[in-house]
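Single-letter residue listing:
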4 protein chains.
Amino acid sequence: MNSTSITIPGLVRIKPGALERLGIYCQRQGFGRVAIVMSADLPAALTSALKSSLESADIHILFRQEAAEPDFDEARDIFAALPSQADAIIGFGGGKALDVAKFAAALARKPYLSVPTSLSNDSFASPAVSLLLRGAKRSLNATMPFGVIIDTQVCLGAPRQLWHSGVGDLSAKLTAVRDWKLAFHATGEKVNDFAALLSDATVFQFLARPAHDLQGVRLLGTALMQSGIAMEICGSSRPASGSEHLISHALDRMAPQQHLHGIQVGVATYIVAHLQRNEHLCALAGLFEHTGFWESAASSGLNRQQWQEAIALAPRIKPNFHTILSQRDWWPEIAHLLEHDPWLRACFA
Amino acid sequence: MNSTSITIPGLVRIKPGALERLGIYCQRQGFGRVAIVMSADLPAALTSALKSSLESADIHILFRQEAAEPDFDEARDIFAALPSQADAIIGFGGGKALDVAKFAAALARKPYLSVPTSLSNDSFASPAVSLLLRGAKRSLNATMPFGVIIDTQVCLGAPRQLWHSGVGDLSAKLTAVRDWKLAFHATGEKVNDFAALLSDATVFQFLARPAHDLQGVRLLGTALMQSGIAMEICGSSRPASGSEHLISHALDRMAPQQHLHGIQVGVATYIVAHLQRNEHLCALAGLFEHTGFWESAASSGLNRQQWQEAIALAPRIKPNFHTILSQRDWWPEIAHLLEHDPWLRACFA
Amino acid sequence: MNSTSITIPGLVRIKPGALERLGIYCQRQGFGRVAIVMSADLPAALTSALKSSLESADIHILFRQEAAEPDFDEARDIFAALPSQADAIIGFGGGKALDVAKFAAALARKPYLSVPTSLSNDSFASPAVSLLLRGAKRSLNATMPFGVIIDTQVCLGAPRQLWHSGVGDLSAKLTAVRDWKLAFHATGEKVNDFAALLSDATVFQFLARPAHDLQGVRLLGTALMQSGIAMEICGSSRPASGSEHLISHALDRMAPQQHLHGIQVGVATYIVAHLQRNEHLCALAGLFEHTGFWESAASSGLNRQQWQEAIALAPRIKPNFHTILSQRDWWPEIAHLLEHDPWLRACFA
Amino acid sequence: MNSTSITIPGLVRIKPGALERLGIYCQRQGFGRVAIVMSADLPAALTSALKSSLESADIHILFRQEAAEPDFDEARDIFAALPSQADAIIGFGGGKALDVAKFAAALARKPYLSVPTSLSNDSFASPAVSLLLRGAKRSLNATMPFGVIIDTQVCLGAPRQLWHSGVGDLSAKLTAVRDWKLAFHATGEKVNDFAALLSDATVFQFLARPAHDLQGVRLLGTALMQSGIAMEICGSSRPASGSEHLISHALDRMAPQQHLHGIQVGVATYIVAHLQRNEHLCALAGLFEHTGFWESAASSGLNRQQWQEAIALAPRIKPNFHTILSQRDWWPEIAHLLEHDPWLRACFA
């Protein structure tokens, strides 16, 4: 009556030095031969650390390819080229390469090890990917990673903007849960209370200590990963993705890859939280200020005209998906915010 | 390869006024006829609130019984007497009555609604029960509650000692996770990293704001419930129960029901955290001080002699269950602590 | 959207000589110490075969007890007496002892190995048990056996009546599935088509070769076990238990344990199939004739008066459970059948 | 400890007239708008029956496309073109179109309704697909169909060769299960006994009544669908696919789509059963003779040279997959069989 089947990673390591031990983790699982799909622009120190970690544990690298773009056909070609002897696929680097690796691994039905070098969004521990198909970004199912290995030391060394992007993606849970409850009242869509409580809790967990240090990276990684459980439990992305993600999707349709996903989402979360009169608005504002999120957002150079169009388009992106944006045209309020809120004004200068 | 099947409550409400709405929740689920098993010593205001909540939604109370003791045979007799027309069983009150209700519901294969009036331990949202069989406390499986309804206003009004007991039971996750990792190194017992991270996180969540107010009750309830997910994910109580629980079980063998479960467990957690040189010892100490846990512990009048025997007995209670206590006789360190630690000295005066 | 979580035995062996190899199976699972609950009246050859199988593989028998009656309190006492060091519980013998063993194992949360010496009903591979509580038979949940080990040679040597009982219990799937579809049309109760197809199929599988030989025992054992999957898939006993089981339950209320479960059920299936104008009536009649079921049924000495009362009581046994018997008083048709059908006349002489 | 999570179709109908009622089934599920992917060469009577079934229930057909080839890029393009408002995707026709439809639906994360017009293989109720990628056939994961609707009248009217192909694919379970047990003895690969018993049983079920009539189509459809459960239970294709499938895959690499999958597989099953000295060889031979399988096989014009190469290639196709073919070069025995077995001689004339 109340049994739920979820898929979770079987191997999880979140700690400093995890990259060095990756070879040992592979060995213990019996993954003697691996294929690697990695970001194109990684520092040499990281790629050689990966190589020596695997080699020192006698793991053979049968295949290695860089993925510059999160492209559907590129994932297909990697799948077609993957050696059948590979015991597992390792995705290494940023979100785009990881999505290509995850999708190729799902096509090949091989275990996938997700080894992010930054925590810019929650995709490193989710079954979903976002790929370009004929120039348009599409959300697709892959499979939950078999392993999630986060070297907190490595992620701490990633550009600060990527960290802010992760913070922005995490903050979206607050508005997403609120949108879900609005949908219940407007359309009767069932809310899974358990998933909603879990999702909210991931943000609070990080809020308790939102520092950019080893412990903070561990908390952010754990929180982003837990938000995946909330989605698994209710079988939808509702607890993690509401109107703030619709706005980001709409922006991607107009200009894909212009900005970091989590930066876009974070700014949209802040705007939507105002419209929702979200009870956690102050906590959110404090989080963004404290972590320096606004600096990364401001330096992104957001475009007021694009956002206006995106907010108009957003409610039509997912059929039968009620959010605060479905209720009426909010542009007047938003325009007012963009002019008068000091943080937003700095972003849309 | 990495799919896990877990059982979670289908209906969850944690908010002020939830008791008043219990009838509506039953109605929505189609539970028109219910049986109630409740604590013997509840304030009249609570029992009449329960009654009027159900009656105002036209829910028929077919059966109502008080459960004074958490007794196996009492649960059996309640099961035997339950009317077959009952659509669901409601457990109302403290941990003992809830365990009897949960076990009777499991025998009857009826949906069980857990409605705690205090949060003294994590049993309100777990599949396990603790019952007396021939005078000895035994852990038994029941089934995960179908519904968990926590009226935060009601729980806030419960005696402060019960609140401290819940805080103590929650804190045990820190030592339990550490014991699990010790077992991995000593015996190779597999650690589910995901479950361990989740369990740790429940404590951090509450640590962020350990206040005795409506929001604090909500956070404690959510955290205790989430620890149940961690257990479901790994299929054992390892992430929530280590040597600190063994000590409490050992105490129960000598004198069952002498003290509140979570008070015993909390004190044992504090002691074990010292032995483990647990990295979260300071956070734990701060939590107990801030919440006033020590006052409840001190007023319990713990017995030094009993604890010495319990600590000696603890490692033999569960076969093949390695913890810090399996490593050697720690009594010298513990005796020293009991004499010199100001908090413990107050408890064992 | 369409994911289902089921519990199935992890270890299954259905073949001649399986009893001799039981010790090896335990050894491979790491069950070095076991407790045994067995029937009171087993031939010495069987009990010594069990003993030597375990001993030759160095499996220690920590506890051994006979269970004469399928009694709730007996299962409770066995649970209370089980040594905590036991790695697994073995149930050995007929349906009653196996139910006691299964329930005690479930209380103790230990792996349970079901080793039937006859196939008189489908309980050897199901999570349910039927126990006497204060003189009344009650259905209770236990847990799915971890292992099902059927020595086909041993079961072939069991009394022929027990074999017929198994055939009768299997045949019930045909009327149960039909009742389920009637319930859909009468009350809208959802039918799980997949489970219904699977359940039907188990009977056809055995019908292809309903011989009382090693291969036949294997097919009957497999079919009875598969009917358990059908129940697991839909989460209820609907595909395996309809009005024919209600009649049997009603008989048990009047005189528990008077007759073999599957003999009662088989006769009731035959009667109900007439009322349902079941399309498989002829196949059923052929099966009973071919296997000699009717001889066992006739020698049971069924009581016409008891059956009349049982059929009147049957529709009131399970609330909200529609079957053909819910539709009207069928006694006139049934009385006519009992007088004129040659097989039934022989049973109720 | 022994819980397994499987995915099964939520909606199953196997009966005459099911096509006419497809619109009603959609309506009940709330699928008001559908997309259709169908075979290119269907009789007009079938396509108009589909259309009128949907229209009479007010189901809007938003998209309709024919899929001539089971091509990866075609599935991708259909996915890209699917209207986001579609509530479900219907696959209609033969195995190739159904595989394209199933893969496009999986990419789009929409419910998929599988409506085969023939039963030529077991793909209509499995999560796997077989698609051409750069000219080579590849096995890929999609998702289990939400619905399986088999109009037995329609399938009975399909070309006899397709029926024989389904029979051939079903028969493969016998050799696949045997190969699995060989692998256990040779490499220690774990056999899931339960899945093996289930898979065997599907063939016996059909063997009981292998007629080409409505009831026979129902049994074949049910059996092929059940073999999917066996695979779900053990999480691999082992119970349904052994050396006989390796031979067929090897043939496909040399000349994809030359012959019907199930015809190739059936002939390979017959050959492998000889090598295995399979205990069910006679039953298999009887089945093929009785159903007329050999006539379809003989009229396919198999090529001795290609088969010799395929048998040599087969053991190298799946790494770490032991079968009878891994043990040594069997060509001498096979060559002898091809010359002297009357049925095979007719096929390789």
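Because the structure is predicted, anything quoted here is derived from the model rather than measured.

Scoring rules and cut-offs
Residues numbered from 1 in each chain as written. Chains lettered and ligands numbered in written order. Predicted model: local features only at pLDDT ≥ 70, side-chain atom pairs only at ≥ 80, totals over all residues. Heavy atoms only, no water. Helix = DSSP H or I, 4+ residues; strand = E, 2+ residues; numbered from the N terminus. Rg over C-alpha atoms; globule rule 2.2 N^0.38 Å. Buried < 20%, exposed > 50% of the residue type's maximum accessible area, 1.4 Å probe, protein only. Contact = heavy atoms within 4.5 Å. Areas by Shrake-Rupley, 256 points an atom, 1.4 Å probe, with all protein chains shown as cover. Lys, Arg positive; Asp, Glu negative; His and termini not counted. Charge placed at Lys NZ, Arg CZ, Asp CG, Glu CD. Pairing = 2+ DSSP bridges. Right-handed = clockwise from strand over helix to strand, strands pointing away. Buried area = accessible area lost by both parts, 1.4 Å probe. Salt bridge = Lys/Arg side-chain N within 4 Å of Asp/Glu carboxyl O. Polar contact = N/O pair within 3.5 Å; in protein donor to acceptor, adjacent residues only side chain to side chain. pLDDT = per-residue confidence, 0-100. UniProt positions renumbered as here; feature names shortened; annotations may be inferred. Least-squares fit on C-alpha atoms with pLDDT ≥ 70 in both. Domains from an automatic or database assignment. Phe/Tyr/Trp six-rings, centres within 6.5 Å; stacked < 30°, edge-to-face > 60°. Axes fitted to C-alpha atoms, helices over the stretch in contact; angles between N-to-C directions.

> What is the right way to read the overall build of chain A from this model?
Each helix and strand counted, chain A has 15 helices and nine strands in total. The C-alpha radius of gyration of chain A comes to 20 Å, within 12% of the 20 Å expected for a compact globule of 349 residues. Each of the three principal axes of chain A carries a C-alpha extent, and together these read 60 × 45 × 40 Å. Out of the 349 residues belonging to chain A, those deemed buried represent 61%. The contacts in chain A between residues at least 6 apart in sequence include a share of 78% that link residues at least 24 apart. Per element, the accessible surface of chain A, about 12,300 Å² overall, is 50% carbon and sulfur. Separation of charge centres in chain A, based on 30 positive and 31 negative side chains, amounts to 4 Å.

> Would you mind going over the pairing of strand β4 (residues 60–66) of chain D with me for this structure?
As a general feature of sheets, a regular strand has side chains that alternate between the two faces. Residue and element names in this part refer to chain D. As paired strands, strand β3 (residues 33–38) and β4 are joined by six bridges and run parallel to one another. Bridge assignment links A35 to a residue of β4, and that residue is F63. Taken together, β3, helix α2 (residues 44–55) and β4 constitute a β-α-β crossover, and its handedness is right-handed.

> So what exactly am I meant to see when it comes to the interface of chain D and chain C here?
Often, the extent of an interface is quoted as the loss of accessible area on bringing the components together. With 35 residues of chain D in contact, the opposing surface of chain C contributes 35 residues. Summed over both partners, the interface of chain D with chain C comes to about 3,200 Å²; 65% of that surface belongs to carbon and sulfur atoms. One can count four salt bridges joining chain D with chain C. Its salt-bridge partner being R218 of chain D, residue D200 of chain C comes within 3.5 Å of it at the nearest N-O pair. For the pair chain D and chain C, the number of links is six residue pairs in polar contact (both at pLDDT 80 or more). Mapped onto the side of chain D that touches chain C, the elements with two or more residues apiece are β1 (3–7), β2 (11–15), α7 (193–207) and α8 (214–234) of chain D. The element best represented in the side of chain D that touches chain C is α7 of chain D, accounting for eight residues.

> Explain the confidence of the model for chain A here, please?
The share of residues in chain A with pLDDT of 70 or more is 99%, and the mean pLDDT across the chain is 94. Confidence metrics for the complex model read pTM 0.90 and ipTM 0.87.

> Mind showing me how you'd approach the side chain of S114 of chain A here?
All names here are of chain A. Considering the arrangement of structural elements, one finds S114 in strand β6 (residues 112–116). For S114, a relative accessible area of 0% corresponds to the buried category. Separated by 2.8 Å, the side chain of S114 and the backbone oxygen of F124 make a polar contact. If near-sequence neighbours (up to four positions away) are discounted, S114 is found in contact with G91, L98, F124, P145, G147, V148 and I149.

> Looking at this structure, how should I read the UniProt feature "binding site: NAD(+)" (unreviewed entry) in chain A?
Residue and element names in this part refer to chain A. When the UniProt feature table is mapped onto this chain numbering, "binding site: NAD(+)" (unreviewed entry) sits at G95, K96, A97, L98, D99, T117, S118, L119, S120 and S126. Aside from chain neighbours lying at most four places away, what touches D99 is S123, A128, V129, S130 and L131. Within the element layout of this structure, S120 appears in the loop between β6 and β7 (128–133). With a relative accessible area of 8%, S120 lands in the buried category. When near neighbours in sequence (up to four residues on either side) are disregarded, S120 contacts L162, S165, G166, D169 and G262.

> Which parts of the structure should I look at to understand the relation of the copies chain D and chain C?
Relative to chain C, chain D is turned by 180° and slid 0.0 Å along the rotation axis, the superposed coordinates differing by an RMSD of 0.0 Å. Such a turn and shift between the copies fits a two-fold axis. Interface overlap between copies: 100% of the residues of chain D at the interface are likewise at the interface in chain C, consistent with a symmetric, same-surface contact.

> Hey, could you run me through the domain arrangement of chain A in this one?
All names here are of chain A. In terms of domains, chain A is made up of domain 1 (11–156) and domain 2 (160–347). Its C-alpha centre places domain 1 at a distance of 26 Å from the equivalent point of domain 2. Taken together, the contact between domain 1 and domain 2 spans 24 residues of the former and 23 residues of the latter. Overall, the association of domain 1 and domain 2 removes approximately 1,900 Å² of surface from exposure, summing both partners, and the carbon and sulfur fraction of that is 67%. Its largest share of buried area at the contact with domain 2, domain 1 owes to L119, D122 and L156, together 30% of the area lost on that side. Taken together, the links from domain 1 to domain 2 amount to two salt bridges. Of the charged contacts, one joins K173 and D122 as a salt bridge, the two residues approaching to 3.3 Å between their closest N and O atoms. One can count four residue pairs in polar contact (both at pLDDT 80 or more) joining domain 1 with domain 2. At the level of secondary structure, the elements contributing two or more residues to the side of domain 1 that touches domain 2 comprise β2 (11–15), β9 (147–151) and α5 (152–156).

> For this particular structure, what's the right way to read the pairing of strand β5 (residues 88–93) of chain D?
Residue and element names in this part refer to chain D. With six of six residues buried, β5 lies mostly within the body of the structure. In terms of strand pairing, β3 meets β5 through five bridges, oriented parallel. Each bridged residue has a counterpart across the sheet, and for V34 the counterpart in β5 is A88. For the handedness criterion, the β-α-β arrangement of β5, helix α4 (residues 95–108) and strand β6 (residues 112–116) is classed as right-handed.

> How should the packing of aromatic side chains be read in this particular structure?
A ring pair, where both rings are aromatic, is described by two values, the distance of the centres and the angle of the planes. The tally for this structure, following the rule as stated, stands at 38 aromatic pairs over all chains. Ring geometry for W307 of chain A against F348 of chain A: centres 5.3 Å apart, planes inclined by 85°, an arrangement best described as edge-to-face. Placement of W307 of chain A in helix α13 (residues 304–313) and of F348 of chain A in the segment after α15 (342–347) is noted, with a sequence separation of 41 residues between them. Here F348 of chain A falls in the buried class, since its relative accessible area comes to 10%. Note on F288 of chain C and W294 of chain C: the rings are 5.5 Å apart at their centroids and 80° apart in plane angle, and the pair reads as edge-to-face. For the pair shown, F288 of chain C and W294 of chain C are each scored as buried. Three or more aromatic residues joined by ring pairs make a cluster, and in this case those are Y270, F288, F293, W294 and W343 of chain A.

> It is not clear to me how unusual backbone geometry should be interpreted in this structure. Could you clarify?
The residue R277 of chain B is not glycine, and still its phi comes out positive at about 45°. Tracing the backbone shows R277 of chain B in the loop between α10 (261–275) and α11 (281–291). Classification of R277 of chain B as exposed rests on a relative accessible area of 73%. The phi angle at N320 of chain D is positive, at roughly 60°, despite the residue not being glycine.

> Is there a simple way to explain the environment of D169 of chain B in this structure?
Residue and element names in this part refer to chain B. Inspection of the secondary structure assignment puts D169 in helix α6 (residues 160–187). C-alpha of D169 to C-alpha of S237: the two residues are 68 residues apart in sequence and 13 Å apart in space. Here D169 is in contact with S120, N121, D122, H245, H261, G262 and V265, once residues within four sequence places are set aside. At 3.0 Å, the side chain of D169 and the backbone nitrogen of D122 are in polar contact.

> How should the sheet that holds strand β9 (residues 147–151) of chain C be read in this particular structure?
Through backbone hydrogen bonds, the strands of a sheet pair up, either in parallel or in antiparallel fashion. Residues and elements named next belong to chain C. Spatial strand order, β2-β9-β6-β5-β3-β4: six strands in an open sheet with parallel pairing. The two strands at the open ends of the sheet, each matched to only one other strand, are β2 (11–15) and β4 (60–66). Between one strand and the next, the sheet's axes are offset by a mean angle of 15°, whatever the strand orientation.

> When you look at the pattern of salt bridges in this model, what are you seeing that I'm missing?
Between side chains of opposite charge, a pair can form when the charged atoms approach closely. With the rule as written, the count across this model stands at 51 salt bridges over all chains. D77 of chain B is the salt-bridge partner of R134 of chain C, the closest N and O atoms lying 2.7 Å from each other. Taken together, the residues R134 of chain C in the loop between β7 (128–133) and β8 (136–141) and D77 of chain B in helix α3 (residues 72–81) connect one chain to another. A relative accessible area of 60% means that R134 of chain C is categorised as exposed. Take D77 of chain B: its relative accessible area is 27%, and that puts it in the partly exposed class.

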